[in-house]
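# Geometric and topological summary
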Amino acid sequence: MAGRRFSGRGAKRGRTTAARSARTGLVRVRRAAARDLPALLELEGGFSGDRLSARQFTHHVAATSSDLIVADLAGAVLGYALLFRRRGSRIGRVYSIAVAPAMRGQGLGARLLLRLEAIARLQGLEEMRLEVRQDNAPALALYQQRGYVIFGARPAYYEDGADAWRLAKSLLPPRRRVRRIPARSVKKR
Ligand SMILES: CC(C)(COP(=O)(O)OP(=O)(O)OC[C@H]1O[C@@H](n2cnc3c(N)ncnc32)[C@H](O)[C@@H]1OP(=O)(O)O)[C@@H](O)C(=O)NCCC(=O)NCCS
């Protein structure tokens, strides 16, 4: 349930040194490991509700039904994203995605999402789904920019009673277009 706890507070789209490093590609997106737990909990500490617990993170690092990835800059965890999938289902679920407040607006959220989609495709998933707070403008913009479309709503989905949008994106390649040869370029015999 991505966005289960997040308000729509706009990310400050500033440019710190570390942020510029993120832009220039020094940030590595990798699978989370047990050693990332303190940093992940620190990220979660910035949210007011529905936080992922140490136990949940520990479970997702090892679980075969989820993929937990982090954005790492020289060992510092700047963000994470979590994908869920169910046995026998072709639908993946972006359960959570978060970037450290000082690092927002620098492309990390988009990179994490892109990587989750790549992982999902490799696993044969055909569709991604997620929920996002209806008042979370930055997250909604991120998803819509990446091709997610609203297909439903979940009223009072969050702890504080806020409503969620349900979004989905197909992971299948677009159908190959039939290449038409212009009539005049076809030689007549
Ligand atoms: C949502 C979140 C993950 C986005 O991460 P981010 O690294 O700041 O996002 P990016 O820099 O990759 O931005 C990608 C796109 O998201 C949208 N976006 C990001 N911040 C935005 C803002 N403050 N206002 C409007 N759109 C914004 C834009 O479409 C942006 O594309 P652009 O830079 O070409 O305009 C981040 O704001 C965050 O961690 N928020 C708190 C947790 C949260 O709400 N998670 C989402 C749960 S559903």
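Counting of residues starts from 1 at the beginning of each chain's written sequence and follows it residue by residue. For a predicted model such as this one, the threshold for reporting local features is a pLDDT of at least 70, and the threshold for listing and counting side-chain atom pairs is 80 or more; totals across whole chains, interfaces and linings nevertheless cover every residue.

With that settled, the discussion passes to the nonpolar core. To form a nonpolar core, buried Ala, Val, Leu, Ile, Met, Phe, Trp, Tyr and Cys residues must be joined through C-beta atoms within 7 Å. Three exposure classes are used, all based on how many other C-beta atoms lie within 10 Å of a residue's own C-beta (placed from the backbone): buried at 20 or more, exposed at 12 or fewer, and partly exposed between those limits. Formed by 39 residues in total, the largest nonpolar core has its most connected members in I69, Y80, A81, L83, V94, L112 and L116. Only runs of H or I of at least four residues qualify as helices and only runs of E of at least two qualify as strands under DSSP, and these elements are numbered from the N terminus. Counting residues per element, the ones that place at least two in this core are α2 (37-45), β2 (66-73), β3 (76-85), β4 (91-99), α4 (108-122), β5 (127-133), α5 (137-145) and β7 (164-170). We call two residues in contact when the distance between their C-beta atoms, placed using the backbone, is within 7 Å. If sequence neighbours within four positions are ignored, Y80 has contacts with A32, L40, L43, L68, I69, V70 and A98.

Another point: the packing of α2 against helix α3 (residues 54-62). An axis is simply a line fitted to the C-alpha atoms; with a helix, the fit covers only the stretch in contact. Between two such axes, the angle follows the N-to-C directions and lies from 0 to 180 degrees. For the pair α2 and α3, interaxial distance at closest approach is 10 Å and the crossing angle is 130°. With respect to each other, α2 and α3 are oriented oblique. Here α2 runs over α3; the crossing is right-handed. Residue-level inspection shows L37, L40 and L41 of α2 in contact with α3, the latter providing A54, F57 and T58. Residues belonging to the contact of α2 with α3 are distributed by class as follows: five nonpolar, one polar and no charged. Each angle receives one of four descriptions, namely roughly parallel if under 35 degrees, roughly antiparallel if over 145, roughly perpendicular if within 65 to 115, and oblique otherwise. Rotating anticlockwise by less than a right angle from the far helix to the near helix defines a left-handed crossing, while the corresponding clockwise rotation defines a right-handed one. Gly is placed with the polar residues, together with every amino acid not listed as nonpolar (Ala, Val, Leu, Ile, Met, Phe, Trp, Tyr, Cys and Pro) or charged (Asp, Glu, Lys and Arg).

Bringing unusual backbone geometry into the picture now. You will see that A74, though not glycine, has its phi angle at about 50°, which is positive. Note on placement: A74 falls in the loop between β2 and β3. Non-glycine residue A156 carries a positive phi angle of around 50°. Tracing the backbone shows A156 in the loop between β6 (149-154) and β7.

Turning our attention to α4. Here a helix's expected span is defined as the number of its residues, less one, multiplied by 1.5 Å. The end-to-end C-alpha separation of α4 is 21 Å, in line with the 21 Å expected for 15 residues at 1.5 Å each. Within the sequence span of α4, burial applies to L108, G109, L112, L113, L116 and A120. Looking down the long axis of α4, one finds its buried residues gathered within 135° of arc, a one-sided arrangement. Relative to its buried face, α4 has exposed residues pointing more than 90 degrees away, namely A118 and L122. Each C-beta atom gives one direction from the helix axis, and the arc is the one those directions make.

Let's shift gears to the environment of Q145. Structurally, the position occupied by Q145 is in helix α5. Considering only alpha carbons, one finds Q145 and A110, 35 residues apart in sequence, at a separation of 9.1 Å.

Take the confidence of the model for the chain next. As a general rule, the predicted coordinates of low-pLDDT regions are not to be interpreted in detail. With 80% of its residues at a pLDDT of at least 70, the chain reaches an overall mean of 86. Contacts of residues 6-12 to residues separated by more than four positions or lying in other chains number 18 contacts, the stretch itself having pLDDT below 50. Across the chain, each position has a pLDDT score giving the predictor's confidence in that residue, from 0 to 100.

Another point: the sheet that holds β3. Pairing between strands is defined by DSSP: at least two bridges between the two strands are required. Taken together, the seven strands give an open sheet; going across it, the order is β1-β2-β3-β4-β5-β7-β6, and neighbouring strands pair in mixed fashion. Edge positions in the sheet fall to β1 (28-31) and β6, since each of these pairs with one other strand and no more. Averaged over all adjacent pairs, the angle separating strand axes in this sheet is 30°, with direction ignored. Of the pairings in the sheet, the one linking β1 to β2 comprises four bridges and is antiparallel in character. Opposite R31, over in β2, you have I69 as the bridge partner.

Among the nine residues that make up β4, eight are buried, leaving the element largely enclosed by the rest of the structure. As paired elements, β3 and β4 share seven bridges and run antiparallel to each other. By the bridge assignment for β4, F84 is matched with R93. In sequence, β3 turns back onto β4 through a hairpin of five residues, with G88 there showing a positive phi of about 85°. Orient the strands so they point away from the viewer; a crossover is then right-handed if the path from the first strand over the helix to the second runs clockwise. A crossover connection joins β4 to the parallel β5 through α4; in handedness this β-α-β unit is right-handed.

By secondary structure assignment, the location of Y80 is in strand β3. Residue classification places Y80 among the buried residues on the basis of 26 C-beta atoms within 10 Å. The sequence separation of Y80 and R30 amounts to 50 residues, and the corresponding C-alpha distance is 9.4 Å.

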